[in-house]
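Listed below are the residues making up each chain.
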Amino acid sequence: AARASNNLASVAHLRGRPEIAIGLYRAALLSYQRLGDRRGAAETWHNLGLCFRQMADLREAAGAALEAVRHAELTGLPALLALSVLGRAETDIERRDFELARRDIARAAKLAEAAADPLCAAEVQRVRALAALRQEDFATACREADQACAIAIRHGSALLAAECAAVSALACQGLGQTTEAARLREQALDGFERLHARPLIQRFDDTWKVRSEERRV
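What this report covers is the structure whose coordinates are included nearby. (Residues numbered from 1 in each chain as written. Predicted model: local features only at pLDDT ≥ 70, side-chain atom pairs only at ≥ 80, totals over all residues. Heavy atoms only, no water.)

1. Some details on the overall build of the protein
Logical step 1: Counting its secondary structure elements, the protein contains eleven helices and zero strands.
Logical step 2: Taken from the N to the C terminus, the helices and strands of the protein come in the order α-α-α-α-α-α-α-α-α-α-α.
Logical step 3: On C-alpha atoms alone, the protein measures out to a radius of gyration of 17 Å, which is about the 17 Å that the 2.2 N^0.38 rule sets for 217 residues.
Logical step 4: Across its three principal directions, the C-alpha atoms of the protein cover 55 × 35 × 35 Å.
Logical step 5: In the protein, which comprises 217 residues, the share counted as buried stands at 48%.
Logical step 6: Look at the contacts in the protein between residues 6 or more apart in sequence, and 57% of them connect residues 24 or more apart.
Logical step 7: For the protein, the centre of its 31 positive side-chain charges and the centre of its 29 negative side-chain charges are spaced 3 Å apart. (Helix = DSSP H or I, 4+ residues; strand = E, 2+ residues; numbered from the N terminus. Rg over C-alpha atoms; globule rule 2.2 N^0.38 Å. Buried < 20%, exposed > 50% of the residue type's maximum accessible area, 1.4 Å probe, protein only. Contact = heavy atoms within 4.5 Å. Lys, Arg positive; Asp, Glu negative; His and termini not counted. Charge placed at Lys NZ, Arg CZ, Asp CG, Glu CD.)

Below, the structure written as structure tokens:
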């Protein structure tokens, strides 16, 4: 039941219904607490942090990320801890605290290597690319996102592939590579549309338009 609530919450979040998602995540957390399931709690806190971050509630996102890391550290599972640490790094990126983000990304990279988990390693590269993009290091952002996207496609992770394509598109846009940027933009939008991920489409489109206007100026 806890797993079902967590998964239903992720679908609700992906499709732009954050209030429903938060309620379902909290229901899952109550079940995991009763069960003493640290792994389930860590995963759900991580998902809650993602939900709050996309709602621009960085205070709640930071609190959820802290709880995710705390529970993940008690499981002894390096891949789970790596993903939880990356969630905290993404909140730091949103706050433009790039030094803290850099430390967490470095820690997550070591954990992903220990876990020998290629998708976890690709998530590290995606977050590293996102940090580089926000700091306008477009070449690094493009390289890291492209590598992560290739891994995601190879292992069948549609959401990760679309997210990486979006970062790469924005990085190519920043480099003035308009043809490649347009191709990657279509790839990202197609991936998000297949998942019915309306909030991700909206956020990506908004960022694309802002950066396009900045380049014109």
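2. So, the nonpolar core
Logical step 1: Counting residues in each nonpolar core, the largest one holds 25 residues, and the members touching the most others are L133, A171, A188, F192, F204 and W208.
Logical step 2: Breaking this core down by element, the ones donating at least two residues are helix 7 (118-134), helix 8 (138-154), helix 9 (158-175), helix 10 (178-194) and helix 11 (198-216).
Logical step 3: Among the elements that make up this core, the one with the highest residue count is helix 9 (eight residues).
Logical step 4: Not counting chain neighbours up to four residues away, the residues in contact with F204 comprise A166, A169, L170, R185, A188, L189 and F192.
Logical step 5: Judged by nonpolar contacts, the second largest core, of 22 residues, contains A42, L111, V127 and L130. (Core = buried A, V, L, I, M, F, W, Y, C linked by side-chain atoms within 4.5 Å.)

3. With respect to the environment of H13
Logical step 1: You can see H13 is positioned in helix 1 (residues 2-14).
Logical step 2: Residue H13 is classed as buried on the basis of its relative accessible area of 9%.
Logical step 3: Considering only alpha carbons, one finds H13 and H196, 183 residues apart in sequence, at a separation of 11 Å.
Logical step 4: Ignoring any residue separated from it by four or fewer positions in sequence, one finds H13 in contact with A21, Y25, L50, C51, Q54 and P199.

4. Here we look at the environment of G76
Logical step 1: Take G76: it is sitting in the loop between helix 4 (58-73) and helix 5 (78-94).
Logical step 2: Classification of G76 by relative accessible area gives exposed; the value is 61%.
Logical step 3: Separated by 39 residues in sequence, G76 and A115 have C-alpha atoms that sit 11 Å apart.

5. Digging into the layout of surface pockets
Logical step 1: The volume enclosed by the largest pocket comes to roughly 1,600 Å³.
Logical step 2: What lines the largest pocket is a set of 47 residues, among which L50, E123, R126, L159 and E163 lie closest to the centre.
Logical step 3: When residues of the lining of the largest pocket are traced back to their parent elements, those giving at least two are helix 1, helix 3 (38-54), helix 5, helix 7, helix 9 and helix 11. (1 Å grid on protein atoms, 1.4 Å probe; cavity = no way out; pocket = protein on both sides within 12 Å on 5 of 7 lines; lining within 4 Å. Points joined across faces, edges and corners; volume = space filled by probe spheres on them.)

6. Describing helix 8
Logical step 1: Spanning 17 residues, helix 8 covers 24 Å between terminal C-alpha atoms, matching the ideal 24 Å at 1.5 Å per step.
Logical step 2: Those residues of helix 8 not exposed but buried are F138, T140, A141, C142, E144, A145, A148, C149, I151 and A152.
Logical step 3: At the exit of helix 8 stands G156, carrying a positive phi of roughly 75°. (Expected span 1.5 Å × (residues − 1).)

7. Remarks on the side chain of E90
Logical step 1: Assignment of secondary structure puts E90 in helix 5.
Logical step 2: With a relative accessible area of 11%, E90 lands in the buried category.
Logical step 3: Those residues in contact with E90 that lie beyond four places of it in its chain are R53, R126, V127 and L130.

8. Some thoughts on the packing of helix 9 against helix 10
Logical step 1: At a minimum axis separation of 8 Å, helix 9 and helix 10 run at an interaxial angle of 155°. Here helix 9 lies roughly antiparallel to helix 10, going by the angle between them. Classified by chirality, the crossing of helix 10 by helix 9 is left-handed. Note on element contacts: helix 10 touches helix 9 through E180, A181, L184, R185, Q187, A188, G191 and F192, opposite L159, A162, E163, A165, A166, S168, A169, C172 and Q173.
Logical step 2: In terms of residue class, the contact of helix 9 with helix 10 is made up of ten nonpolar, four polar and three charged. (Axes fitted to C-alpha atoms, helices over the stretch in contact; angles between N-to-C directions. Parallel < 35°, antiparallel > 145°, perpendicular 65-115°, else oblique. Left-handed = near helix turned anticlockwise from the far one by under 90°. Nonpolar A, V, L, I, M, F, W, Y, C, P; charged D, E, K, R; others polar.)

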